[in-house]
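# Reading the structure
Residues per chain are reported as follows:
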Amino acid sequence: MSTDYEPIIGLEVHAQLLTDSKAFCSCTTKFGNDPNSNVCPVCLGLPGVLPVLNKKVVDFAMRMGLVTGCTITPTSIFARKNYFYPDLPKGYQISQYEEPICAGGSVEIETDDGSRKRIGITRIHLEEDAGKSIHDIDIDTLVDVNRCGVPLIEIVSEPDIRSAKEAYLYLYKIRQLVTYLGICDGNMEEGSLRCDANISVRKKGETKFGTKTEVKNMNSFRNVERAIEFEVHRQIRLLEEGERVHQETLLWDANLSIATPMRSKEEAHDYRYFPEPDLVPVVINETWINSVSSGLPEHPTSRRDRFVEEHHLPKYDADVLTAEKGYADYYEGVNNALGAPTKEKAKQVSNWVMTDVLRAVGESKVDIGDFPVSADRLAGLLRLINDGTISNKIARDVFAEMLASSDDANAIVERKGLVQLSDETAIEAVVAEILAKNSPQVEKYKAGNEKVFGFFVGEVMKATKGKANPGVVNAVLKKKLTS
Ligand SMILES: [Zn+2]
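A brief structural summary. Predicted, not measured: the structure shown is a model, and the values here were computed from it. (Residues numbered from 1 in each chain as written. Predicted model: local features only at pLDDT ≥ 70, side-chain atom pairs only at ≥ 80, totals over all residues. Heavy atoms only, no water.)

## Here's the deal with the environment of L171
Applicable threshold: Helix and strand labels come from DSSP, where a helix needs a run of H or I of at least four residues and a strand needs a run of E of at least two; each type is numbered from the N terminus. The contact criterion used is simple: two residues touch if any of their non-hydrogen atoms lie within 4.5 Å.
You can see L171 is positioned in helix 3 (residues 164-180). In the structure, L171 is positioned 132 residues away from R303 in sequence and 19 Å away in space, judged by C-alpha atoms. What L171 contacts, discounting residues up to four positions off in sequence, is L11, V13, M188, C195, F221 and V224.

The following block contains the structure:
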């Protein structure tokens, strides 16, 4: 493949907002209800009904606008986007066209080599979702209109993205932000976060854009990367062969790993946009902006940097812990319970969260906010390690027990008699017995084979069911073997 070309990519991301009711009526947005049960005359567009805007939808869109440095439009208006499709009973979608609620922001992505790049955000606008056509049932195509009127924001990027990897990183950032803000659950598989890509290629050094295509139906991060790579290569191949790229919409087929043409791409004028006559303009004043702005959570990037600077965590740890707000909240919850974090304590907490906690969270498929071993319970376990009551090894068993019972670490340690054996005299007795039983190994050690030392440690641990304090065992063994 020729490397004389560069891809020009812009993403349109739809995020379903986590409001209880729909954008313009009081129907529930609950996912998974019986088909066509979450509906009313308003979201079905029956004659004579009037939509009423849900205020929370505006709050949520403003949160995303503010966190990405957009300007909030003082007076934005809704528009009708007209098109015919079976899952759109009204025959139009209420959207925003000329005056979107937010415009002119950006997000920062960080590439593998650590360099940072800004990707511009052209606009964020409000719109309502359409229903769903279900094709994968033997009989006919079925329509479920529960989703009609569910609120969305569409985040439109500038064509600043130059590779499939950058597209992936940008989408990751958008997902991180909407979930931090609590405005979208970020679930790509269930379609609450959807991404379309506008792609063109041009010879390096050229300033004019080539003809672009739009790729849809990429319902996972991996598919976004693969689909973009596929389409970039397809366009370069066409140009190299002297052919033209046609402006069209392609559908990504994850099973076949190809994008196939769906239709020639619509232009904006195909939708006959006009201002929505049933809704008044959305007027946003400074007071409203300030109240939304003061309720924003700490930006994930600032939180990551704070973990590195104040807790002295390695950047890798800080990245993992701030990937989701719930992880970072949990990590900080453990630290808060243990008192101001020193470098060592913070790293200990980080290790436990990144390995044991996140593994168990993944296996049990619960949200970390509902994880049975709460931050306070984990802090209780770490306190027992730090004051020498139990060893790290025993702590892992106690942690497993805590997953199954609601007892705190202290109670489990007492109930199971797991208190670490640190008493030197008691350990000396065990060591003496082990050395007496294994005189050939003792000879080997004395002859200079230091590897045998590990064997003795293992035997002592076995004899004490893992409860012996490893520091004391090492000291006693050294003393006895050299005497
Ligand atoms: Zn409704």
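## Here we look at the side chain of Q96
Basically, it comes down to this: Under the rule applied, a polar contact is a pair of N or O atoms within 3.5 Å (in protein, one hydrogen donor and one hydrogen acceptor; residues adjacent in sequence only if both atoms are side-chain atoms).
Along the polypeptide, Q96 turns up in the loop between strand 5 (92-95) and strand 6 (102-110). Among the polar contacts listed, one links the side chain of Q96 to the backbone oxygen of I77, at a separation of 3.4 Å. What Q96 contacts, discounting residues up to four positions off in sequence, is S76, I77, F78, A79, I101, R123, H125 and L126.

## Quick look at the pairing of strand 11 (residues 193-203)
The side chains of a regular strand alternate between both faces of the sheet. Applicable threshold: Between buried and exposed lies partly exposed: a residue is buried under 20% and exposed over 50% of the maximum accessible area for its type, with that area taken using a 1.4 Å probe on protein chains only. Here a strand pair is declared whenever DSSP counts at least two bridges between the two strands.
Within strand 11, nine of the 11 residues are buried, leaving the element largely enclosed by the surrounding structure. Sheet topology note: the strand 11/strand 12 (residues 213-216) ladder contains three bridges and is antiparallel. Bridged to N198 within strand 12 is E214.

## Side note on empty space enclosed by the protein
Let me state the cut-off plainly: Buriedness of a pocket was judged along seven lines, with at least five required to meet protein on both sides within 12 Å; pockets are open sets of points on a 1 Å grid over the protein atoms alone, cavities are sets where a 1.4 Å probe fits but cannot get out, and lining residues have an atom within 4 Å of a point. Grid points are joined across faces, edges and corners, and a volume is the space filled by probe spheres set on the points. Three residue categories are used. Nonpolar comprises Ala, Val, Leu, Ile, Met, Phe, Trp, Tyr, Cys and Pro, charged comprises Asp, Glu, Lys and Arg, and polar comprises the others, including Gly.
One pass over the full model with this rule turns up two cavities of 30 Å³ or more. Taken as a whole, the largest cavity holds about 40 Å³ of empty space. A class-by-class count of the residues in the lining of the largest cavity yields five nonpolar, one polar and three charged. A volume near 40 Å³ is recorded for the second largest cavity. As for the second largest cavity, its lining consists of V67, L177, Y180, L181, P297, E298, H299 and P300.

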